[in-house]
Amino acid sequence: MSKIFASTVIAFAITLGLPHKADARFDQSHSLFSKCLSKYVCTNKIAKNNRGQINYSSWQKDPKNLDLYLGSLAALTEKEFEKFSEKEKEAFWINAYNACAIKAVLRNYPIKQANKYNPPNSIQQIDNFWEKEKFKVLGKDHTLYDMEHAILRTQFACHDPRVHFAVVACAKGAPEMPDTAYVAAKMDGQLEDSLDDFMSRKENLTIDPSKKLIRISQIFKWFPLDFSEAAHLEKKNPPPSDDEIVLVYLKKKYPNIIPKDTERVIYSTFNWELNECK
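Residues numbered from 1 in each chain as written. Predicted model: local features only at pLDDT ≥ 70, side-chain atom pairs only at ≥ 80, totals over all residues. Heavy atoms only, no water.

1. Side note on the overall build of the protein chain
Item 1. Per the secondary structure count, the protein chain includes 11 helices and five strands.
Item 2. Expressed as a percentage of the 278 residues in the protein chain, the buried residues total 45%.
Item 3. Counting contacts in the protein chain only where the partners sit at least 6 residues apart, residues at least 24 apart contribute 67% of the total. (Helix = DSSP H or I, 4+ residues; strand = E, 2+ residues; numbered from the N terminus. Buried < 20%, exposed > 50% of the residue type's maximum accessible area, 1.4 Å probe, protein only. Contact = heavy atoms within 4.5 Å.)

Listed below in structure tokens is the structure:
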């Protein structure tokens, strides 16, 4: 084969988009997941008062791109993953959790009522939702439980608790699902937006200055120790109470909103109704 002919064949292959080494790299823009979110996450323009809720009914009929994205999470090797920056790893696991949670709902949609203690369309009606549903990520089986507690909390949320407001538990009491994937280059701004959006909802933060108290989401009650480092209380002796950690964190985060003399915290009932818009 002449050099000229060989060069022509290579150029033609590249033009056709045939596989080559660069194409095998993981898509750090998470574009497939963003494509899904932009199509099936509702906005106020689409469904009033349903911003950040999900159209599961329509998504269930068109799962191709979500399945392709989940396939890319499964195919990525741990060796390649270790080359990621810390922000890329953080974005990867946040998106992995959210995509797998959505897929778990789609596997069980429409949800059948199994108990009378939760809303009929709640993920709490799905048997062992967090422990039973399994997904292949980095070539290994993972549940939503171990993604949240063994990875997201221990590696990321303990240093930056804003992560708790980026992972979405498919419930109306949870943070809103964004209409685009998390990406390393925009991570800080995206996490800040997710926390601010969550705290702007009256069911997640109400202030009663006369009683020197605030009422906030159960999420703070479930994971108080994850806020201790950000509140600079992780080394305090004697250790602070859970409520003290949460109060210090929120006062530092929102000094112009939460009065300095606030002394008490009350936690709202969590809304487990499915985060669905139709």
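2. Here's the deal with the sheet that holds strand β3 (residues 205–208)
Item 1. Strand order in the open sheet formed by three strands is β3-β4-β5, and the pairing between neighbours is mixed. With partners counted over all chains shown, the strands left at the sheet margins are β3 and β5 (264–267), one partner each. Averaged over all adjacent pairs, the angle separating strand axes in this sheet is 20°, with direction ignored.
Item 2. Looking at chain direction, β3 and strand β4 (residues 213–216) are connected through four bridges and run antiparallel. Its bridge partner being in β4, D208 is matched across the sheet by L213.
Item 3. Its contacts with the sheet put helix α11 (residues 242–253) on β4 and β5, and the angle it makes with β5 is roughly 100°. (Pairing = 2+ DSSP bridges. Axes fitted to C-alpha atoms, helices over the stretch in contact; angles between N-to-C directions.)

3. Topic: the confidence of the model for the protein chain
Item 1. Residues at a pLDDT of 70 or more form 89% of the protein chain, whose mean pLDDT is 91.
Item 2. Overall, residues 1–23 carries pLDDT values under 50, and its contacts beyond four positions in sequence, including any with other chains, amount to four contacts. (pLDDT = per-residue confidence, 0-100.)

4. Concerning the pairing of β5
Item 1. Here β5 shows a buried face lined by V265 and Y267 and an unburied face lined by R264 and I266.
Item 2. The pairing of β4 with β5 spans four bridges and is parallel. Its bridge partner lying in β5, I214 is registered against V265.

5. Quick look at the packing of aromatic side chains
Item 1. Inspection of every chain in the model, using the stated rule, returns 21 aromatic pairs.
Item 2. Between F81 and F92, the ring centres sit 5.1 Å apart and the planes meet at 55°, which makes this aromatic pair tilted. Taken as a pair, F81 in helix α5 (residues 78–81) and F92 in helix α6 (residues 86–107) lie far apart in primary sequence, 11 residues in all.
Item 3. Residue F81 is classed as buried on the basis of its relative accessible area of 6%.
Item 4. Overall, the relative accessible area of 0% leaves F92 in the buried class.
Item 5. Three or more aromatic residues joined by ring pairs form one cluster here, namely F129, W130, W222, F223, F270 and W272. (Phe/Tyr/Trp six-rings, centres within 6.5 Å; stacked < 30°, edge-to-face > 60°.)

6. With respect to the pattern of salt bridges
Opposite charge on two side chains makes pairing possible when the charged atoms of those side chains draw close.
Item 1. Scanning the entire structure with this criterion turns up 19 salt bridges.
Item 2. Beyond isolated ion pairs, a larger network of salt bridges with shared partners links D160, R162, D188, E192 and K253. (Salt bridge = Lys/Arg side-chain N within 4 Å of Asp/Glu carboxyl O.)

7. What to know about the packing of helix α2 (residues 31–40) against helix α4 (residues 64–75)
Item 1. It is the contact of α2 with α4, at a shortest axis distance of 9 Å, that shows an interaxial angle of 150°. Judged on the interaxial angle alone, α4 and α2 are roughly antiparallel. For the pair α2 and α4, the sense of crossing is left-handed. Packed against α2, whose contacting residues are L32, F33, K35 and C36, the element α4 presents N65, L66, L68 and Y69 at the interface.
Item 2. The residue inventory of the contact of α2 with α4, partitioned by class, reads six nonpolar, one polar and one charged. (Parallel < 35°, antiparallel > 145°, perpendicular 65-115°, else oblique. Left-handed = near helix turned anticlockwise from the far one by under 90°. Nonpolar A, V, L, I, M, F, W, Y, C, P; charged D, E, K, R; others polar.)

8. Regarding the side chain of Q218
Item 1. Tracing the backbone through its elements, the reader meets Q218 in helix α10 (residues 218–222).
Item 2. Of the residues examined, Q218 reaches a relative accessible area of 16% and is grouped as buried.
Item 3. Here the side chain of Q218 touches S268 through a polar contact of 3.2 Å, landing on its backbone oxygen.
Item 4. Apart from residues no more than four positions distant in its own chain, Q218 is found in contact with Y267, S268, T269 and F270. (Polar contact = N/O pair within 3.5 Å; in protein donor to acceptor, adjacent residues only side chain to side chain.)

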